[in-house]
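Residue strings, one per chain:
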Amino acid sequence: TWHLKKIPQIVSERTFSLDSPKFEAKTKLELNSACGIECQRKLPAPSLSDLKDLLSYETIFENGTRTLTEVNVLGLVLDPAGNTTTRRSSRKKRQIYGTDSRFSIYDKRFMTNFPFNTAVKISTGCSGILISPKHVLTAAHCLHNGKDYVKGSKRLRVGLMKTKSRGDGRKRKGTKRNGMPSFQWTRVKSTHIPKGWFKGVSGDIALDYDYAVLELKRPHKRKYMELGISPTIKMMPGSMIHFSGFDNDRSGQLVYRFCSISDESNDLFYQYCDAEPGSTGSGVYLRLKEPNKKKWKRKIIAVYSGHQWVDVNGEQQDYNVAVRITPLKYAQICFWIHGNDENCTRG
């Protein structure tokens with residue numbers, strides 16, 4: 001069941017203008033991180049002043065101007081336990097683990113209907129998910145490498161799968177002749193990235209803040225997926241998660257997968273989901289029961305950050321990781337969507 005939680009409030013305090021970025025960074029869809037699972041276990045829990053700094057955010061606008069908004073966090077109960085994780089099993093060094101369990105979605109009835117129609121393509125080569133009539137959730141590193149914005153983010157666009165191709169009539173709804181999806185591209189008006197991402201790339205906690213929200217120039221009229229707060233592995237049916245994206249090795253196809261999570265920290269899920277670059281930024285979702293109702297509902301509980309190489313006991317090891325939507329991140333993303341915290345008190 002989805003459990004309602006009281007959400008901390010994130011309120012903006014001050015906004016500053018910043019210099020326009022250079023937009024010269026290369027897009028990197030596979031990251032190297034210094035801090036692996038063992039390292040995450042040893043990280044101390046951030047203090048309130050740390051969190052205010054990490055959750056402050058940069059906004060970049062379509063015309064290249066940029067601002068930094070400092071925030072305050074209200075009503076937060078700090079967890080002194082730090083980044084606790086469960087035990088994990090050993091990994092093989094590849095992005096497809098064992099038999100490739102991904103499904104390419106060809107059937108127009110699935111592709112253009114919920115939940116698959118919430119998946120979008122980002123013009124820098126990543127995926128994302130619709131979270132409101134005009135907002136998209138994706139991974140921060142699809143837009144920024146920690147030092148500068150990537151080249152393609154200056155004229156950032158989002159591709160929504162077309163529900164109908166012109167001249168196709170009813171026969172090939174939302175698809176090209178070969179069964180591939182066609183896209184309707186929309187310009188991005190503004191982008192929000194948490195300051196934790198910029199701080200973390202050179203430090204130890206980059207992955208915890210690898211998420212961003214894009215505001216579209218024009219709203220869409222299709223069904224989007226609501227945010228949820230990420231439960232612990234124990235509270236998930238079969239510990240299973242689901243996500244769909246546009247993997248590079250299956251060009252133009254929408255690729256769906258589901259798998260179990262093998263490990264977790266306070267901010268990250270470590271899992272064996274088969275995925276290739278291109279699916280980075282996909283919304284990871286669950287289907288749970290609504291409280292006191294018989295209805296089931298899908299909600300986004302994490303952002304797929306991608307394939308990571310980390311240092312574990314002096315050796316390079318790899319895993320696929322997703323950034324959990326914690327109560328704080330829920331509050332921040334909700335604030336970005338609504339522009340106030342009134343609609344974000346319960347998650």
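Residues numbered from 1 in each chain as written. Predicted model: local features only at pLDDT ≥ 70, side-chain atom pairs only at ≥ 80, totals over all residues. Heavy atoms only, no water.

Undergrad: Help me get a handle on the overall build of the protein chain, residues and values and all.
TA: For the protein chain, the helix and strand inventory stands at 5 helices and 17 strands. For the protein chain, the residues scored as buried account for 55% of the 347 residues in total. Taking all contacts inside the protein chain whose residues are at least 6 apart in sequence as the whole, residues at least 24 apart take part in 75%. Carbon together with sulfur atoms contributes 48% to the accessible area of the protein chain, which is approximately 16100 Å² in total. (Helix = DSSP H or I, 4+ residues; strand = E, 2+ residues; numbered from the N terminus. Buried < 20%, exposed > 50% of the residue type's maximum accessible area, 1.4 Å probe, protein only. Contact = heavy atoms within 4.5 Å. Areas by Shrake-Rupley, 256 points an atom, 1.4 Å probe, with all protein chains shown as cover.)

Undergrad: I'd love a proper account of the side chain of His141, names of residues and values included.
TA: Structurally, the position occupied by His141 is in the loop between strand E8 (135-138) and strand E9 (157-161). With relative accessibility at 2%, the residue His141 sits in the buried group. Side-chain polar atoms of His141 contact the side chain of Asp210, separated by 2.6 Å. (Polar contact = N/O pair within 3.5 Å; in protein donor to acceptor, adjacent residues only side chain to side chain.)

Undergrad: Got a sec to walk through the confidence of the model for the protein chain? Specific residues and values, please.
TA: Averaged over all residues, the pLDDT of the protein chain is 80; the fraction at 70 or higher stands at 77%. Ignoring residues within four places in sequence, the model shows residues 168-172, a span with pLDDT below 50, making 7 contacts including any to other chains. (pLDDT = per-residue confidence, 0-100.)

Undergrad: I'd like a rundown of the packing of aromatic side chains, residues and numbers included.
TA: One pair of aromatic rings is described through two measures. These are the centre distance and the angle between the planes. In this structure the tally under the stated criterion is 9 aromatic pairs. Ring centres of Phe23 and Tyr149 lie 5.9 Å apart, and the angle between their planes is 45°; on these two criteria the pair is classed as tilted. Of this pair, Phe23 sits in the loop between strand E1 (9-18) and strand E2 (31-33) while Tyr149 is found in the loop between E8 and E9, placing the two residues 126 residues apart along the sequence. Residue Tyr149 is classed as buried on the basis of its relative accessible area of 2%. Summarising the aromatic geometry, the rings of Phe116 and Tyr256 are spaced 5.4 Å apart at their centres and angled 85° between planes, so their arrangement reads as edge-to-face. One end of the pair, Phe116, is in the loop between helix H3 (108-111) and strand E6 (119-122); the other, Tyr256, is in strand E13 (residues 254-264), with 140 residues separating them in the sequence. For Tyr256, a relative accessible area of 14% puts it in the buried group. (Phe/Tyr/Trp six-rings, centres within 6.5 Å; stacked < 30°, edge-to-face > 60°.)

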